[in-house]
Amino acid sequence: MTVKIEKFDPTKKYKDLKKFDCGHQTINKFVNNSLKQQVKVGTSVAWALLDTANNDRFVGFYTLMMSYVNQSLLSNLSNQSFPSMVPCVRLVMLGVDIAYKRNNYGSRLMKHVLGETKKAANIAGCCGMYLDADAGAISFYTKLGFSALETPDNPLSPTPMFLFTESFFLDGSFRS
C-alpha cells in the first residue's frame, strides 16, 4: 500500500470519508460531523492520510490547534522556569481506519504531527505538544516519549500528556 499525507482541504470531497471507522465512536463521529467545519472556520488544522493505490481513499487524519498548558502541570517534568500559561500545540484528534492499523500508519502520522509541531515552535514559539490520551492509547504515546501530566480519577477518562519540543527534531524523529 502506498499512502500520502496532505493538508486536509474542507472543500475537497474525500473518497470514503463517510465510511471512515477507526474503531473509536467519538473519533468516527468527529470525522463525519465536525472535521470539515472545524478546519473551515480555522479552529484547527488537519492533515489527511490517503491510500494512493485506492484513488486517494481517506484512511486516517489528525487535527492540531494552538493551546496553553498551566505551568503547574509541567513542574514535575522539567526544572525550567515557565510563564503561568505555557504555549503548546494540542493534538486534538488522530485516527487510522481499522483496515489500515497493521501498517504502523498511526506512528507515521505521529512523526508528521511532531514535525509540524516543531515547525510551529520555530515560527511562533511553543514548548511542546499536549494531548488527552484515551486509556487504550496511553502506552502508544508513552513509547513516543509523552509523559502523563496527571492521573484522572476515573480510569475511563482521558489522561493529559505532554512532550517537550526539545525532545524531537524537525522531521519528527526523536533525540536518543
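Residues numbered from 1 in each chain as written. Predicted model: local features only at pLDDT ≥ 70, side-chain atom pairs only at ≥ 80, totals over all residues. Heavy atoms only, no water.

**Q** I'm lost on the overall build of the protein chain in this one. Help?
**A** Assigned secondary structure in the protein chain consists of five helices and seven strands. Reading the protein chain from its N end, one meets helices and strands in the order β-α-α-β-β-α-β-α-β-α-β-β. Over its C-alpha atoms the protein chain spans a radius of gyration of 16 Å, differing by no more than 12% from the 16 Å that the globule rule assigns to 176 residues. Along the three orthogonal principal directions, the C-alpha set of the protein chain runs to about 50 × 35 × 35 Å. Classification of the 176 residues of the protein chain by burial places 42% in the buried group. Counting only carbon and sulfur atoms, one obtains 50% of the accessible surface of the protein chain, whose full area is about 9500 Å². Across the protein chain, the mean location of the 20 positive side-chain charges is 6 Å away from that of the 14 negative side-chain charges. (Helix = DSSP H or I, 4+ residues; strand = E, 2+ residues; numbered from the N terminus. Rg over C-alpha atoms; globule rule 2.2 N^0.38 Å. Buried < 20%, exposed > 50% of the residue type's maximum accessible area, 1.4 Å probe, protein only. Areas by Shrake-Rupley, 256 points an atom, 1.4 Å probe, with all protein chains shown as cover. Lys, Arg positive; Asp, Glu negative; His and termini not counted. Charge placed at Lys NZ, Arg CZ, Asp CG, Glu CD.)

**Q** Would you take a moment to explain the pattern of salt bridges for this structure?
**A** Any two side chains of opposite charge can pair, so long as their charged atoms come close to each other. Evaluated as defined, the whole model comprises eight salt bridges. The salt bridge partner of lysine 4 is aspartate 56, with a shortest N-O separation of 3.3 Å. A residue pair is termed long-range when its members are at least 10 positions apart, and lysine 4 in strand β1 (residues 3-7) and aspartate 56 in the loop between β2 (45-51) and β3 (57-70) qualify at 52 residues. Overall, the relative accessible area of 23% leaves aspartate 56 in the partly exposed class. Note that lysine 119 and glutamate 116 form a salt bridge whose closest N and O atoms lie 3.0 Å from each other. Residue lysine 119 and its partner glutamate 116 are located together in helix α4 (residues 105-124), separated by three residues, close to a single helical turn. (Salt bridge = Lys/Arg side-chain N within 4 Å of Asp/Glu carboxyl O.)

**Q** Help me out: how do you make sense of the packing of aromatic side chains in this one?
**A** Any two aromatic rings considered together are summarised by their centre-to-centre distance and by the angle between their planes. Under the criterion given, the structure shown has 12 aromatic pairs. Judged by centre distance (5.9 Å) and plane angle (15°), the ring pair of phenylalanine 82 and phenylalanine 164 falls under stacked. A residue pair is termed long-range when its members are at least 10 positions apart, and phenylalanine 82 in the loop between α3 (71-74) and β4 (85-96) and phenylalanine 164 in strand β7 (residues 159-164) qualify at 82 residues. In this pair, the class of phenylalanine 82 matches that of phenylalanine 164, namely buried. Site record: aromatic cluster; members linked through ring pairs are Phe8, Tyr14, Phe20, Phe30, Phe58 and Phe61. (Phe/Tyr/Trp six-rings, centres within 6.5 Å; stacked < 30°, edge-to-face > 60°.)

**Q** Would you take a moment to explain the confidence of the model for the protein chain for this structure?
**A** Predicted coordinates in regions of low pLDDT should not be interpreted in detail. Mean pLDDT over the protein chain works out to 90, with 94% of the residues at or above the 70 mark. Taking the mean pLDDT of every element in the protein chain, the minimum, 87, falls on α3 and the maximum, 98, on β2. (pLDDT = per-residue confidence, 0-100.)

**Q** Before we go on, may I ask you to explain the side chain of glutamate 116 in this structure?
**A** Judged by relative accessible area, glutamate 116 falls into the buried class, the value being 18%. With residues near it in sequence (within four places) discarded, glutamate 116 still touches Trp47, Tyr62 and Leu64. (Contact = heavy atoms within 4.5 Å.)

**Q** Mind showing me how you'd approach the environment of glutamate 6 here?
**A** Relative to the helices and strands, glutamate 6 is located in strand β1. As a C-alpha pair, glutamate 6 and lysine 101 span 95 residues in sequence and 19 Å in three-dimensional space. In this structure glutamate 6 touches Lys12, Tyr14, Trp47, Ala48 and Leu50, once residues within four positions along its chain are discounted. Within polar-contact distance, the side chain of glutamate 6 engages the side chain of lysine 12 at 2.8 Å. (Polar contact = N/O pair within 3.5 Å; in protein donor to acceptor, adjacent residues only side chain to side chain.)

**Q** Teacher, can you tell me more about a positive patch on the surface here?
**A** There is a patch of like positive charges on the surface, built from Lys13, Lys18, Lys36 and Lys40. Inspection of the secondary structure assignment puts lysine 13 in the loop between β1 and α1 (25-33). (Patch = residues over 30% accessible without salt bridge, like charges linked within 9 Å, V, L, I, M, F, W, Y side chains within 5 Å.)

**Q** Is there a simple way to think about the sheet that holds strand β6 (residues 147-148) in this case?
**A** Strands belonging to one sheet form pairs held by backbone hydrogen bonds; the direction of such a pair is parallel or antiparallel. If you trace the seven strands from one edge of the open sheet to the other, you get β1-β2-β3-β4-β5-β7-β6, paired in mixed fashion. The outermost strands of the open sheet, each flanked by one partner alone, are β1 and β6. Here β3 pairs with β4 via 11 bridges, running antiparallel. In the sheet register, phenylalanine 61 faces β4, and the bridge partner there is glycine 95. (Pairing = 2+ DSSP bridges.)

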